[in-house]
Amino acid sequence: EAGVAQSPRYKIIEKRQSVAFWCNPISGHATLYWYQQILGQGPKLLIQFQNNGVVDDSQLPKDRFSAERLKGVDSTLKIQPAKLEDSAVYLCASSFSPGDQPQHFGDGTRLSIL
Amino acid sequence: SQQGEEDPQALSIQEGENATMNCSYKTSINNLQWYRQNSGRGLVHLILIRSNEREKHSGRLRVTLDTSKKSSSLLITASRAADTASYFCATQGNDMRFGAGTRLTVKP
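Residues numbered from 1 in each chain as written. Chains lettered and ligands numbered in written order. Predicted model: local features only at pLDDT ≥ 70, side-chain atom pairs only at ≥ 80, totals over all residues. Heavy atoms only, no water.

Quick look at the overall build of chain B now. Across its full length, chain B holds 0 helices and 11 strands. For chain B, the succession of helices and strands along the chain, N to C, is β-β-β-β-β-β-β-β-β-β-β. Its C-alpha atoms give chain B a radius of gyration of 13 Å, near enough to 13 Å, the size a compact globule of 108 residues would have. Taken along its principal axes, the extent of the C-alpha atoms in chain B is 40 × 25 × 20 Å. Burial statistics for chain B: of 108 residues in total, 46% are counted as buried. A separation of at least 24 residues holds for 53% of the contacts in chain B among residues at least 6 apart in sequence. Accessible surface, chain B: about 5200 Å² in total, of which carbon and sulfur atoms supply 43%. Taking the average place of the 14 positive charges on the side chains of chain B and the average place of its 10 negative ones, the gap between the two points comes to 3 Å. (Helix = DSSP H or I, 4+ residues; strand = E, 2+ residues; numbered from the N terminus. Rg over C-alpha atoms; globule rule 2.2 N^0.38 Å. Buried < 20%, exposed > 50% of the residue type's maximum accessible area, 1.4 Å probe, protein only. Contact = heavy atoms within 4.5 Å. Areas by Shrake-Rupley, 256 points an atom, 1.4 Å probe, with all protein chains shown as cover. Lys, Arg positive; Asp, Glu negative; His and termini not counted. Charge placed at Lys NZ, Arg CZ, Asp CG, Glu CD.)

Set out below in structure tokens:
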């Protein structure tokens, strides 16, 4: 089966600019996750979708971050405006269902803020 | 905030030796999962152990879970250079929380 696809792989922007990341989960996976992984740390959950509804966005900085999964398949994560502290790898993952299921990760987008 | 804490932060061993990584956590969980991450890549799921299980095996991997001590361990036997990666534990309660990981280096 095809894995989780993410694009772009790398992005360099200046602070205060906006940026968007795209994720295509594994076919049939209802649950989609966006994580932020700062260098040297483990992934931190930003938002979790079940189909096209938000299950958990408690750690999403909503003043600058937004995410959507309009048709319950692809998802986009946006940052506007970006801050220096947003430099990180943004990982997308999907699972067949939430909870007791392994998550399948894409290779992420490495974001550098200048 | 991160739930699990891995120990050690870094581990360097020779090929053929066993590698043991530990994970401690603070709150009650439904399951605990271990993932591997190679440099520049996404995480790969290794093994899931449920809160009512004590031990699981998968190939050269052995995971134990002690819910009374809120701790888990991952043992990789007969390590290979290809096992060089970062290893993360993740606890599944109301949400999924990852630790900071153990960086394993296996020298040929």
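Here the focus is the environment of A:Phe65. Residues and elements named next belong to chain A. Along the chain, Phe 65 falls in strand E7 (residues 65-68). Sequence spacing of Phe 65 and Ala 93 is 28 residues, and the spatial spacing of their C-alpha atoms is 18 Å. The contact partners of Phe 65, leaving out residues within four places of it in the chain, are Gln 36, Leu 46, Leu 60, Leu 77, Lys 78, Ile 79, Asp 86 and Tyr 90.

Frequently, the measure chosen for interface size is the accessible area removed from exposure when the parts meet. Contacts between the two partners involve 21 residues from chain B and, on the opposite side, 20 residues from chain A. Around 1600 Å² of area is buried between chain B and chain A when both sides are counted, 42% of it from carbon and sulfur atoms. Seen at the junction of chain B and chain A, the total is 2 salt bridges. Among the salt bridges present, the one from B:Arg41 reaches A:Asp107, with a minimum N-O distance of 3.0 Å. Linking chain B with chain A are 7 residue pairs in polar contact (both at pLDDT 80 or more), by the criterion used here. When contributions to the side of chain B that touches chain A are tallied by element, the ones reaching two or more residues are strand E4 (31-37), strand E5 (43-50), strand E9 (85-92) and strand E10 (96-98) of chain B. For the side of chain B that touches chain A, the residue count by class is 7 nonpolar, 10 polar and 4 charged. (Buried area = accessible area lost by both parts, 1.4 Å probe. Salt bridge = Lys/Arg side-chain N within 4 Å of Asp/Glu carboxyl O. Polar contact = N/O pair within 3.5 Å; in protein donor to acceptor, adjacent residues only side chain to side chain. Nonpolar A, V, L, I, M, F, W, Y, C, P; charged D, E, K, R; others polar.)

This part covers the layout of surface pockets. The space that makes up the largest pocket amounts to roughly 650 Å³. In this structure, the largest pocket is lined by 32 residues; those nearest its centre are A:Gln37, A:Leu39, A:Gly40, A:Arg110 and B:Gln37. Mapped by element, the contributors of at least two residues to the lining of the largest pocket are strand E9 (88-95) and strand E11 (109-113) of chain A together with E9 and strand E11 (102-107) of chain B. With 4 residues, E11(A) is the largest single contributor of residues to the lining of the largest pocket. Residues of the lining of the largest pocket, tallied by class, amount to 11 nonpolar, 16 polar and 5 charged. (1 Å grid on protein atoms, 1.4 Å probe; cavity = no way out; pocket = protein on both sides within 12 Å on 5 of 7 lines; lining within 4 Å. Points joined across faces, edges and corners; volume = space filled by probe spheres on them.)

Attention now moves to the pairing of strand E4 (residues 31-37) of chain A. Residue and element names in this part refer to chain A. Across the 7 residues that make up E4, a large majority, 7, are buried. Residues of E4 alternate between two faces, with Thr 31, Tyr 33, Tyr 35 and Gln 37 on one and Leu 32, Trp 34 and Gln 36 on the opposite face, all of them buried. Looking at chain direction, E4 and strand E5 (residues 44-50) are connected through 6 bridges and run antiparallel. For Trp 34, the partnering residue across the bridge sits in E5 and is Ile 47. (Pairing = 2+ DSSP bridges.)

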